[in-house]
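Summary of structural features
Here is what each chain is made of, one letter per residue.
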Amino acid sequence: MATLREKPRIRIQLPQEMVTPPPGGMDRRRFMNWAGWVGVLGSLGVALLGFLRFLFPRVLFEPTPVFKAGPPADYIAGVVDERFKGSQRVWIVREEGGFYALLAVCTHLGCTPNWLAQENKFKCPCHGSGFYRSGVNFEGPAPRPLERLKIVLAEDGQILVDKSVSFRQERGQWGNPGAYLRL
Ligand code: FES
């Protein structure tokens, strides 16, 4: 009589780390899932940072070189006006026929000269250079006159000074358009 033979049992011994969950209770599959997400999110974060840097490049935002200096009627003929010396390093000089703007930067080494009304001259406190009211140098080590700046009348009737455009007397530029505002 045939007897049922028992099937032989095959036992496979798995490595211990595949059988027991890692410390903390996370099994291998969940850990790989988690690590994958960390990788994806990390890559997205880096890409986002790069994009933000593209939107906001590292540049210096300097103040505009153009400023309005009020209506011409605010100025007195024959007076060197110092109201913009502190904020803009600019003097505005009114004559009978018009205006010019002088850059308050000594042409020797860049100090800020002072206007000495009693002596009718600009005097640099650093090494003693002197400039006439016109801006022309006459004493001390300054090698050339002060620079004049573009001065025009804006549409709203105010004086407008553009410090990005300068005129140099030794180059014959004081007669150029914009170097003098005639009124
Ligand atoms: S910087 Fe003005 S005289 Fe030297």
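This text goes with the structure placed above it.
Described below are features of the structure shown in this document. All figures in this text were calculated on a predicted structure; none of them were measured in a lab. Along every chain, residues carry numbers that run from 1 in the direction the sequence is written. Only residues with pLDDT of at least 70 are given local features in this predicted model, and only at 80 or more are side-chain atom pairs given and counted; all residues enter the totals for whole chains, interfaces and linings. Just so you know, side-chain values use all the structure's heavy atoms and leave hydrogens and water out.

Examining the sheet that holds strand β6 (residues 121-123)
Hydrogen bonding along the main chain pairs the strands of a sheet, whether they run parallel or antiparallel. Applicable threshold: Paired strands, as defined in this entry, are two strands with at least two bridges between them according to DSSP. Secondary structure elements follow DSSP: runs of H or I of four or more residues count as helices, runs of E of two or more count as strands, with numbering from the N terminus. All axes here are fitted lines through C-alpha atoms, helices being fitted over the stretch that makes contact, and every angle between N-to-C directions spans 0 to 180 degrees.
Pairing is antiparallel in the open sheet, where 4 strands are placed in the order β5-β6-β7-β8. Edge positions in the sheet fall to β5 (114-116) and β8 (137-139), since each of these pairs with one other strand and no more. Along the sheet, successive strands turn relative to each other by an average axial angle of 35°, direction set aside. Note that β5 and β6 share 3 bridges and pair antiparallel. Bridging across to β6, Trp-115 finds its partner in Phe-122.

Some words on a nonpolar patch on the surface
Which entries qualify depends on this criterion: Patch membership requires more than 30% relative accessible area and the absence of a salt bridge. Residues of like charge join within 9 Å; the nonpolar side chains Val, Leu, Ile, Met, Phe, Trp and Tyr join within 5 Å. Surface accessibility follows the Shrake-Rupley procedure with a 1.4 Å probe radius. Residue values consider only the protein chains on display as shielding. Take a side-chain nitrogen of Lys or Arg and a carboxyl oxygen of Asp or Glu: if they are within 4 Å of each other, that pair is a salt bridge.
On the surface, Leu-48, Leu-49, Phe-51, Leu-52, Phe-54, Leu-55 and Phe-56 cluster together into a nonpolar patch covering about 790 Å² of accessible area. Relative to the helices and strands, Phe-54 is located in helix α2 (residues 28-55).

Brief notes about the packing of aromatic side chains
For clarity, the cut-off: In summary, the pairing rule links any two rings of Phe, Tyr or Trp, Trp by its six-membered ring, whose centres are within 6.5 Å, and it sorts them by plane angle into stacked for under 30 degrees, edge-to-face for over 60 and tilted for everything else. Relative accessibility under 20% of the residue-type maximum defines a buried residue, over 50% an exposed one, and the middle range a partly exposed one, all with a 1.4 Å probe and only protein chains included. A ring is considered to have a charge above it if a Lys NZ or an Arg CZ atom is located within 6 Å of its centre and within 35 degrees of its normal.
One pass over the structure, following the stated rule, counts 6 aromatic pairs. Their ring planes at 40° and their centres at 4.2 Å tell us that Trp-91 and Phe-122 sit as a pair that is tilted. Of the two residues, Trp-91 is situated in strand β3 (residues 90-94) and Phe-122 in strand β6; the sequence distance between them amounts to 31 residues. We classify Phe-122 as buried; its relative accessible area is 0%. Between Tyr-132 and Phe-138, the ring centres sit 4.4 Å apart and the planes meet at 15°, which makes this aromatic pair stacked. Of the residues examined, Tyr-132 reaches a relative accessible area of 43% and is grouped as partly exposed. Sitting over the ring of Tyr-75, Arg-83 keeps its end group 4.2 Å from the ring centre. Between the NZ or CZ atom of Arg-148 and the centre of the ring of Tyr-100, over which it lies, the distance is 3.8 Å.

Distances and angles like these do not, on their own, reveal function.
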